[in-house]
Structure formats: C-alpha cells, structure tokens
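Residue strings, one per chain:
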Amino acid sequence: MRIAMIIARSAAAAVLAWAASMAVIVGGNSGCPSLVDFTGLSGEKEVPPNSSTGSGSGQYELNPDNTELRFVITAEGLSGPVTAAHFHIVTTGAGTGPVVLDLAPFLTEIGGQVTLTGTSSLAEWSINNAAEAIREGAIYVNLH
C-alpha cells in the first residue's frame, strides 16, 4: 500500500475556499494506484484556514503506464461561482504552489454543485514528474 494526499483548496483572495484530505492508494499488479476516494474537504484545511461552509469529495486514478490521470471532484456550499480551477504542486512553506494544469475545461457548475471531471494526459502538465508528484501526494486542487 502507498499513502498519498490530494488537496483541494481555493486561493486566499478567492470567494470560495475548501481543502485537503488523505487517501490510501492500493497498488495494482504494476504497483500503480487504482481508484482512490477522498472526502472531508473543508476551509479549515486551507492555507491559511478559513470559515468557508464549502465542502467536497472526489476520486482519482493514475493509469497503469503513468501517463494519464482520471478524476472526478465535486464541491458544494461555496460562497459564489467558480472563476478558475487548477491542479497545483505543493511547495515548501505556506502558500500556493505553481499551477501544473488548468482545470477550466473540465468544470461544470449547475445550481451550486461544482463538478470537475475528465482525463488529463500528464504530458500536458507543466512539470516533468507529474506521476511521481501524484503518488507522493504533492498535487492539490485549487478552486477560485
């Protein structure tokens, strides 16, 4: 078994905020992660923490050859419409890490329910070691 963290949060200046969770990844025959569920996303896990009433959950899966990430992330109870969404890489220290993928093409928002769903080729990410970063829990979602 491997442990990974996926974090979802909004920027401090944004109108909505929610954040992190930890999930256990069960490796398949190739040692790659299978489908992972994550829950418990909340503003108290934002950097810095806030009192957002937003919440969220989701699933993600890295394909066996480590070239694509399939994901479904949902959020509700946000204080306003989502104006931007990204995958970021965790950096040392407090604050927001650099964007590695724009999630706007994967975003649907209907009646206050936000859904980000799709499959992303890791070749499109702005970092070379995306699969490793995902397995190590160094990637998070940021909703603005």
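Just so it is clear, the structure is predicted and the values come from calculations on it, not from any experiment.

> How would you summarise the packing of aromatic side chains if you had to cite specific residues and measurements?
Geometrically, a pair of aromatic rings is defined through the distance of the ring centres and the angle of the planes. Taken as a whole and assessed by the stated rule, the structure comprises three aromatic pairs. An angle of 75° between the planes, with centres 5.2 Å apart, marks the rings of Phe 71 and Phe 106 as edge-to-face. In this pair, Phe 71 sits in strand S5 (residues 68–76) while Phe 106 sits in the loop between strand S7 (99–102) and strand S8 (107–110), placing the two residues 35 residues apart along the sequence. Taken as a pair, Phe 71 and Phe 106 share a single burial class, namely buried. A ring pair is formed by Phe 87 and Trp 125, whose centres lie 5.2 Å apart and whose planes are at 25°; its orientation type is stacked. Placement of Phe 87 in strand S6 (residues 85–89) and of Trp 125 in the loop between strand S9 (113–121) and helix H1 (130–135) is noted, with a sequence separation of 38 residues between them. By the ring-pair criterion, three or more aromatic residues cluster together here, those being Phe 71, Phe 87, Phe 106 and Trp 125.

> How would you sum up the side chain of Ser 120? Please name residues and give values.
Following the sequence through the fold, Ser 120 ends up in strand S9. If we skip the residues at most four places from it in the chain, Ser 120 touches Thr 67, Glu 68, Leu 69, Phe 71, Leu 101, Phe 106 and Trp 125.

> Talk me through unusual backbone geometry; I want residue IDs and the actual numbers.
Backbone geometry follows two general trends: most residues other than glycine have a negative phi, and most peptide bonds adopt the trans configuration. Although it is not a glycine, Asn 66 sits at a positive phi angle of roughly 60°. Structurally, Asn 66 is set in the loop between strand S4 (55–62) and S5. Classification of Asn 66 by relative accessible area gives partly exposed; the value is 26%.

> I'd like to hear about the environment of Pro 105, residue by residue, with values.
When you line up the elements, Pro 105 lands in the loop between S7 and S8. Judged by its relative accessible area of 68%, Pro 105 is exposed. Residues Pro 105 and Leu 116, eleven residues apart in the sequence, show an inter-C-alpha distance of 8.6 Å.

> Pulling in residues and values, what's your account of the confidence of the model for the protein?
Per-chain confidence: the protein averages 74 in pLDDT, with 71% of residues scoring 70 or above. The low-confidence segment residues 1–33 (pLDDT under 50) makes 122 contacts with residues lying over four places distant or belonging to another chain.

> Lay out the environment of Ala 131 with the relevant residues and their values.
On the secondary structure map, Ala 131 appears in helix H1. We classify Ala 131 as buried; its relative accessible area is 11%. Apart from residues lying up to four places away in sequence, Ala 131 is in contact with Leu 62, Asn 66 and Leu 122.

> So what's going on with the pairing of S4? Which residues, and what values?
A one-sided burial pattern is seen for S4, the buried positions being Gly 56, Gly 58, Tyr 60 and Leu 62 and the unburied ones Ser 55, Ser 57, Gln 59 and Glu 61. In this structure, the hairpin formed by S4 and S5 is closed by a connection of five residues, where Asn 66 is found at a positive phi of approximately 60°.

> Which residues make up the pairing of S6, and what values do they have?
Here S6 lies mainly inside the structure; five of its five residues are buried. Residues Ala 85, Phe 87 and Ile 89 line one face of S6 and the alternating positions His 86 and His 88 line the opposite face, and both faces are buried. The pairing of S6 with strand S10 (residues 139–143) spans five bridges and is antiparallel. Following the sheet pairing, His 88 is matched in S10 by Tyr 140. Strand direction decides the pairing type here: S6 and S7, joined by three bridges, are antiparallel. In the strand pairing of S7, Phe 87 is matched with Leu 101.

About the thresholds
- Residues numbered from 1 in each chain as written.
- Predicted model: local features only at pLDDT ≥ 70, side-chain atom pairs only at ≥ 80, totals over all residues.
- Heavy atoms only, no water.
- Phe/Tyr/Trp six-rings, centres within 6.5 Å; stacked < 30°, edge-to-face > 60°.
- Helix = DSSP H or I, 4+ residues; strand = E, 2+ residues; numbered from the N terminus.
- Buried < 20%, exposed > 50% of the residue type's maximum accessible area, 1.4 Å probe, protein only.
- Contact = heavy atoms within 4.5 Å.
- pLDDT = per-residue confidence, 0-100.
- Pairing = 2+ DSSP bridges.

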